[in-house]
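Summary of structural features
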Amino acid sequence: METVTIISHLTPEEWKMSWEDKVVEDTRENMRLYQQSSCYWGHFTNDRDFTLCHHKEFEVKSMSLALYFNGHLEPDEKGSRITGRFVKKMSVNLFLAMGAVLCLTAMLSAAVKADLEVLLVSTVLFVILFLCYLAKPKKGQRKILQQLERISFDGAFHNPDRKVKAEPIKKKRTMREKAMIFSSNEDT
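1. Considering the overall build of the protein chain
When its secondary structure is counted, the protein chain shows six helices and six strands. When its helices and strands are written in sequence order, the protein chain yields β-α-β-α-β-β-β-β-α-α-α-α. When the 188 residues of the protein chain are sorted by exposure, 29% land in the buried category. When the accessible surface of the protein chain is summed, it comes to about 13,300 Å², and 61% of that surface belongs to carbon and sulfur atoms.

So, in structure tokens, the structure goes:
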């Protein structure tokens, strides 16, 4: 598989802050949050290694056929270097391998019995399973790469000493204050 490398101007700490802003953490608590929306979810397995995936709305994670990006974050003279590969979930590969084994078994038994219909059907299914195993959807790769670029080249996280503007706290008005505002508008 092809290795992907991204050089970011963000330091690894800034990159992680950008990550936290743009990726839903893959935890049990957040599962309901991202279950009903299209989003990017992932997690860090240790300080430097992470997994990122695009989740489609109402897709069940355990039955997903989506690609995963397994990456590694390391410091670089320009900021940080992100390297990784696109992989499929192990359960998907296991499912495709078991299907291929069953198809091969059906092909062999059909060849022995000279049953051309079963041989043809099992051969076509075997080819489909093999192509699914080899396929890495370009659209899925492109989406994940675009999200990695958004994380890696976000200028808002470049200066860790920046002063964050606090939004003014909106005070809830009581019904009396609302009535006073309406009555003062009517007088004018």
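Still to come is the rest of the account.
2. Considering the packing of helix 1 (residues 12-22) against helix 5 (residues 138-152)
Any two packed helices are characterised by how steeply their axes cross, that is the angle between the axes, and by the distance between the axes. Two numbers describe how helix 1 lies on helix 5: the axes approach to 8 Å, and their chain directions differ by 125 degrees. Looking at the two axes, helix 1 sits oblique to helix 5. By crossing handedness, the relation of helix 1 to helix 5 is classed as right-handed. Contacts from Trp-15, Ser-18, Trp-19 and Lys-22 in helix 1 reach Gln-147, Leu-148, Arg-150, Ile-151 and Ser-152 in helix 5. For the contact of helix 1 with helix 5, the per-class residue count stands at four nonpolar, three polar and two charged.

3. Section: the sheet that holds strand 5 (residues 67-76)
The sheet built from six strands is open, its strands ordered 1-6-5-4-3-2 with mixed pairing. A strand with exactly one partner marks an edge of an open sheet, and here the two such strands are strand 1 (4-8) and strand 2 (24-25). Direction of pairing for strand 3 (residues 39-44) relative to strand 4 (residues 49-55): antiparallel, over a ladder of six bridges. Looking at strand 4, one finds that Trp-41 is bridged to Cys-53.

4. Concerning the nonpolar core
If you look at the biggest cluster of nonpolar residues, it comprises 17 residues, and the most contacted ones within it are Trp-15, Trp-19, Phe-50, Leu-52, Phe-69, Ile-82 and Leu-148. Of all the secondary-structure elements, those providing two or more residues to this core are strand 1, helix 1, strand 4, strand 5, strand 6 (79-88) and helix 5. Residues within four places of Trp-15 in sequence aside, it is in contact with Ser-8, Leu-10, Phe-44, Phe-50, Leu-73, Ser-80, Ile-82, Leu-148, Ile-151 and Ser-152.

Here is what the cut-offs are and how they apply
Residues numbered from 1 in each chain as written. Predicted model: local features only at pLDDT ≥ 70, side-chain atom pairs only at ≥ 80, totals over all residues. Heavy atoms only, no water. Helix = DSSP H or I, 4+ residues; strand = E, 2+ residues; numbered from the N terminus. Buried < 20%, exposed > 50% of the residue type's maximum accessible area, 1.4 Å probe, protein only. Areas by Shrake-Rupley, 256 points an atom, 1.4 Å probe, with all protein chains shown as cover. Axes fitted to C-alpha atoms, helices over the stretch in contact; angles between N-to-C directions. Parallel < 35°, antiparallel > 145°, perpendicular 65-115°, else oblique. Left-handed = near helix turned anticlockwise from the far one by under 90°. Contact = heavy atoms within 4.5 Å. Nonpolar A, V, L, I, M, F, W, Y, C, P; charged D, E, K, R; others polar. Pairing = 2+ DSSP bridges. Core = buried A, V, L, I, M, F, W, Y, C linked by side-chain atoms within 4.5 Å.

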